[in-house]
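Summary of the model geometry
Listed here are the chains, written in short residue letters.
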Amino acid sequence: SSALSVKSCSPESPFPPHPGTAECCTHEGLERKLCLAALQHPPQPLPRYLQPSDEELCEAFRKDPREFADRFLYEYSSSYSQAPLPVLLGSTRTFLSMVSTCCISPAPTVCFLKEKLQRKTLSLLTLTSHRVCSRFSAYGKDKVTFSYLASLAQKAPTAPFEDLLPLAEDAAEVFSQCCDSVAEDCMQKKLSEHTAKACAALSARDRRFADCCKGKNLVENYFCILALPPVPAPKLPGALELTSKELCGKEGALQATRSLFELARKHPNLPDAILAKLYDASEKARGECCSAKDPSACLDSKVWMGAELPPVVKMASQLCEQYNKLDFLDFKKRLRESLTQTVPEASPALLEQLLEQRASFASTCCTPAAPPLLCASKV
């Protein structure tokens, strides 16, 4: 550990730059080692690991089994770094066992097919827990509760706030207990229990949820629910106009969440990154205004409070609606046409830049699996 600590802090350090390293290196001895050991990489925006074909796997494995195993462990673990440790260990262990068994089998294709089917639940659990724990580590418990609530509101807009809030709180509790847990089956067990609750609450209300909940395997059912696209809401009442008395009262936080919940289900294509910004703005406004001399005037001055949506919110909603509706080439074509009309004075180079910027935002941040930190910076 002493050698590693010296290496980490040397100017020629071979390790990737890491936020927090410089500060740890100002310490000495044990304090420095403990500081370095406690650093955590921010979640990878998107998993980098792409599984090679079965033939390529076997070729690399036969060449040098040890080097193959080490490289796979490194690539896979850094790609799914937010999955709980027991899930990662189980997933990597069964993968390496599959490769070593099937590459010496007389019928490798059949062997891989059989083994992959057996690994399916574990693979999905790794991917799913990496996604939900990335969001939990970026947002914290309160904000992840809201994010989950908004996502459910957009998938099942007929379900009332009172039905969906307990499910969102339950999910956040699962993530807080299991994302950092070293208990062997915490994530699989608790996520399965949560899925059963979600299925019981929403299957009768929504056919798509009922379809996802048909399977016997609860992890697969949860993955299906997670991947459901948003749906347009039926006719809903107007926006909730909240008074400063309600927002600053004992249940102010709940009222603000309810107001944003209504916004999310009214605008099913509003991406998580924008809703998360609105959540932050609402928390900040309550923090600043509820202790002000005139809370009403203070709250009225905040953009998100008005009946009119801020332009960036409208734009993101339209952008994601088109992205979710069209295939990518049609989406870019439509986007180019609308930019030519809205920014007629833009030079071809600027037009191209705006087009790429918005297309990149849509393809990364309009999906259910949008990476939270990357999308927050893209807003």
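As the structure is a computational prediction, the values presented were derived from the model and not from experiment.

Right, let's talk about the overall build of the chain for a bit. The secondary structure content of the chain amounts to 19 helices and zero strands. Here the C-alpha coordinates of the chain stretch approximately 70 × 55 × 50 Å along the principal axes. Per-residue burial for the chain yields a buried fraction of 42% across its 379 residues. In the form shown here, the chain has an accessible surface area of approximately 20,800 Å², with 58% of it arising from carbon and sulfur atoms. Here the chain holds 45 positive side-chain charges and 44 negative ones, and the gap between their average locations is 3 Å.

What follows is about the pattern of salt bridges. Scanning all chains against the criterion turns up 21 salt bridges. For R207, the salt bridge is made with D211, and the minimal N-O distance between the two is 3.8 Å. With R207 and D211 both in helix α10 (residues 207-212) and four residues apart, the pair spans about one turn of that helix. By relative accessible area, D211 is classed as partly exposed at 35%. One salt-bridge network, held together by shared partners, links R207, D211 and K214.

Turning next to empty space enclosed by the protein. With the rule as written, the count across this model stands at one cavity of 30 Å³ or more. If you add up the space inside the largest cavity, you get close to 40 Å³. Every residue along the wall of the largest cavity is listed here: Y148, L152, H194, T195, A198, F209, Y222 and I225. Going through the elements one at a time, α7 (108-155), α9 (186-202) and α11 (218-226) are the ones with two or more residues in the lining of the largest cavity. Of all the elements, α9 adds the most residues to the lining of the largest cavity, at three residues. Partitioning the lining of the largest cavity into residue classes produces six nonpolar, two polar and no charged.

Looking now at the domain arrangement of the chain. Examined at the domain level, the chain breaks down into domain 1 (1-38), domain 2 (54-135), domain 3 (140-227) and domain 4 (244-377). For domain 1 versus domain 2, the separation of C-alpha centres amounts to 31 Å.

So, about a nonpolar patch on the surface. A surface patch of nonpolar side chains, amounting to about 300 Å² of accessible area, comprises L85, L89 and V182. Assignment of secondary structure puts L85 in helix α6 (residues 85-102). Relative accessible area serves as the criterion here: at 49%, L85 is assigned to the partly exposed category.

Moving on, we get to the packing of helix α8 (residues 161-178) against α9. Closest axis-to-axis distance for the α8/α9 pair is 10 Å, and the angle between their directions is 175 degrees. Relative to α9, the element α8 is oriented roughly antiparallel. Mapping the contact onto sequence places L164, L167, D170, A171, V174, F175, Q177 and C178 in α8 and C186, M187, K190, L191, H194, K197, A198, A201 and L202 in α9. In terms of residue class, the contact of α8 with α9 is built from 12 nonpolar, two polar and three charged.

Once that is clear, we can look at the packing of α9 against α11. Two elements in contact, α9 and α11, have axes whose closest approach is 9 Å; the angle formed by their N-to-C orientations is 60 degrees. It follows that α9 is oblique to α11 by the angle criterion. α9 and α11 meet at a crossing whose hand is left-handed. Of α11, the residues touching α9 (which contributes Q188, L191, S192, H194, T195, A196 and C199) are L218, V219, N221, Y222 and I225. Across the contact of α9 with α11, the residue classes tally to seven nonpolar, five polar and no charged.

Moving on: the state of the cysteines. Throughout the structure, instances matching the rule amount to 12 disulfides. In this model, C212 is linked to C224 through a disulfide, with the two sulfur atoms separated by 1.9 Å. Around the S-S axis, the bridge from C212 to C224 shows a dihedral of about -70 degrees and counts as left-handed. Of the two residues, C212 is situated in helix α10 and C224 in helix α11; the sequence distance between them amounts to 12 residues. Assessed through its relative accessible area of 4%, C212 is described here as buried.

If you look at the biggest cluster of nonpolar residues, it comprises 41 residues, and the most contacted ones within it are L164, F175, M187 and L202. Elements with a minimum of two residues in this core: α7, α8, α9, α10 and α11. Looking at which element gives the most residues to this core, the answer is α7, with 11 residues. Each of two domains, domain 2 (54-135) and domain 3 (140-227), supplies a minimum of three residues to this core. Those residues in contact with M187 that lie beyond four places of it in its chain are P84, V87, L125, S129, V132, C133, V174, C178, C179 and S192. Of all hydrophobic cores here, the second largest spans 31 residues; its members include F146, A316, L355 and F361.

Thresholds applied
Residues numbered from 1 in each chain as written. Predicted model: local features only at pLDDT ≥ 70, side-chain atom pairs only at ≥ 80, totals over all residues. Heavy atoms only, no water. Helix = DSSP H or I, 4+ residues; strand = E, 2+ residues; numbered from the N terminus. Buried < 20%, exposed > 50% of the residue type's maximum accessible area, 1.4 Å probe, protein only. Areas by Shrake-Rupley, 256 points an atom, 1.4 Å probe, with all protein chains shown as cover. Lys, Arg positive; Asp, Glu negative; His and termini not counted. Charge placed at Lys NZ, Arg CZ, Asp CG, Glu CD. Salt bridge = Lys/Arg side-chain N within 4 Å of Asp/Glu carboxyl O. 1 Å grid on protein atoms, 1.4 Å probe; cavity = no way out; pocket = protein on both sides within 12 Å on 5 of 7 lines; lining within 4 Å. Points joined across faces, edges and corners; volume = space filled by probe spheres on them. Nonpolar A, V, L, I, M, F, W, Y, C, P; charged D, E, K, R; others polar. Domains from an automatic or database assignment. Patch = residues over 30% accessible without salt bridge, like charges linked within 9 Å, V, L, I, M, F, W, Y side chains within 5 Å. Axes fitted to C-alpha atoms, helices over the stretch in contact; angles between N-to-C directions. Parallel < 35°, antiparallel > 145°, perpendicular 65-115°, else oblique. Contact = heavy atoms within 4.5 Å. Left-handed = near helix turned anticlockwise from the far one by under 90°. Disulfide = S-S within 2.5 Å. Core = buried A, V, L, I, M, F, W, Y, C linked by side-chain atoms within 4.5 Å.

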